[in-house]
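Survey of secondary and tertiary structure
Single-letter residue listing:
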Amino acid sequence: MTSREEDGSKSGVGAKPVNIAELVALDAQARAATAARLMDAGVTIFRPDTTVIDPEVEIGADTVIEPFVQLLGATRIGAGCLIRSFTVIENCTVGDKVLIRQSCILTESTVDSGAKIGPFAHLRPGSEIGEDAHVGNFVETKKARLGRGAKANHLTYLGDADIGDATNIGAGVITCNYDGVHKHPTHIGKGVFVGSDSTLVAPLSVADGAYIGAGSCITKDVPPGALAVGRSRQITKEGWATARRARQKQSE
């Protein structure tokens, strides 16, 4: 008799304990039943043996789930969505006709209808992605709200941010929300253009229709329709590179 059997008999459980392999087999049976129930309701699940779908998950008709997707917790997914391979969604609400591309991670967030996420996007808790908004490759959000049609397509971090409708966030933009002690919010209005590689130092407000020049570090509020540029002026020294190469060649 194994120690586990002895423990079971002493505790009065009565039934012989199962081993890990048996538990995994039972889990596979339960998940297969969940997948079958969803497919009966009009959900397409390719390679259901590779997916992990918790029993509480709800999915609308005509949604397609590709292989190696994990849908966990109390996740709700609308109709006509496409969830591509290697995506993990936990305790999220996803609207209708949403595209979630490969290898995205979504946790405790909401994605409204028509939005496009990924690939390789990370929606951390508290993210709210508006209708028809885009969150692209290697973009991370945390407690961030993107309005309808807003876009953050490349290599961006948006933390504690409120972003208005139709605003465009350029590549490499960062909301600097943490000062080492406290978190601070960034408010960006509607129809704003934030140029690539800009840093927005919170607390900060950028009003409707403003324009942030690429490569700027913005530390002061920007009024409506204004241009804000926070970078040093370019200096060009004619012939400098040619002369440097000549000196290097002489020293060799």
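Summarised in this report is the structure supplied together with it.

Calculation criteria
- Residues numbered from 1 in each chain as written.
- Predicted model: local features only at pLDDT ≥ 70, side-chain atom pairs only at ≥ 80, totals over all residues.
- Heavy atoms only, no water.
- Helix = DSSP H or I, 4+ residues; strand = E, 2+ residues; numbered from the N terminus.
- Rg over C-alpha atoms; globule rule 2.2 N^0.38 Å.
- Buried < 20%, exposed > 50% of the residue type's maximum accessible area, 1.4 Å probe, protein only.
- Areas by Shrake-Rupley, 256 points an atom, 1.4 Å probe, with all protein chains shown as cover.
- Lys, Arg positive; Asp, Glu negative; His and termini not counted.
- Charge placed at Lys NZ, Arg CZ, Asp CG, Glu CD.
- Pairing = 2+ DSSP bridges.
- Expected span 1.5 Å × (residues − 1).
- Contact = heavy atoms within 4.5 Å.
- Polar contact = N/O pair within 3.5 Å; in protein donor to acceptor, adjacent residues only side chain to side chain.
- Salt bridge = Lys/Arg side-chain N within 4 Å of Asp/Glu carboxyl O.

This next bit is on the overall build of the protein chain. When its secondary structure is counted, the protein chain shows three helices and 30 strands. In terms of overall size, the protein chain is more extended than a compact globule, its C-alpha atoms giving a radius of gyration of 25 Å where 252 residues would be expected to give roughly 18 Å. Expressed as lengths along the three principal axes of its C-alpha atoms, the size of the protein chain is roughly 85 × 55 × 40 Å. Here the protein chain holds 252 residues, and 37% of them are scored as buried. For the protein chain, the accessible surface area stands at approximately 13,900 Å², while carbon and sulfur atoms represent 54% of it. Of the charged side chains in the protein chain, 27 are positive and 29 negative; the average position of the first set lies 11 Å away from that of the second.

In this structure, strand β13 (residues 116-117) lies alongside strand β16 (residues 134-137), joined through two bridges in parallel fashion. Within β16, the position partnered with I117 by the bridge is V135. Examined bridge by bridge, β16 and strand β19 (residues 151-154) share three bridges and lie parallel to one another. Counted as the bridge partner of V135 is A152 from β19.

Our next topic: helix α2 (residues 20-40). Given a rise of 1.5 Å per residue, 21 residues ought to cover 30 Å, and the 30 Å separating the end C-alpha atoms of α2 matches this to within 8%. Considering only its buried residues, α2 is in contact with β1 (44-45), β2 (52-53) and β3 (58-59). Between a side-chain oxygen at the N-terminus of α2 and the backbone nitrogen of A21 the separation is 3.2 Å; the capping residue is N19.

This part covers the sheet that holds strand β27 (residues 204-206). Pairing is parallel in the open sheet, where nine strands are placed in the order β3-β6-β9-β12-β15-β18-β21-β24-β27. Only two strands of the sheet have a single neighbouring strand rather than two, namely β3 and β27. As paired elements, strand β6 (residues 76-77) and strand β9 (residues 93-94) share two bridges and run parallel to each other. Bridge assignment links R76 to a residue of β9, and that residue is T93.

Let us now look at the pattern of salt bridges. Under the counting rule described, the total for this entry stands at ten salt bridges. Residue E131 pairs with R148 through a salt bridge whose shortest N-O separation is 3.7 Å. Of this pair, E131 sits in the loop between β15 (128-129) and β16 while R148 sits in the loop between β18 (145-146) and β19, and the two are 17 residues apart along the sequence. You can call E131 partly exposed: its relative accessible area is 34%. R148 sits in the partly exposed class, given a relative accessible area of 47%. Among the salt bridges present, the one from D160 reaches K142, with a minimum N-O distance of 2.7 Å. Here D160, found in the loop between β20 (157-159) and β21 (161-163), pairs with K142, found in strand β17 (residues 140-142); they are 18 residues apart in sequence, far enough to count as distant. Judged on exposure class, the residue D160 and its partner K142 are both buried. Bridged by salt links that share partners, the residues D27, R31 and D54 form one connected network.

Among the secondary structure elements, L82 is positioned in strand β7 (residues 82-83). Placed 130 residues apart in sequence, L82 and I212 show a C-alpha to C-alpha distance of 34 Å. Contacts of L82, omitting those with residues within four sequence positions, involve V64, E66, V98, L99 and I100.

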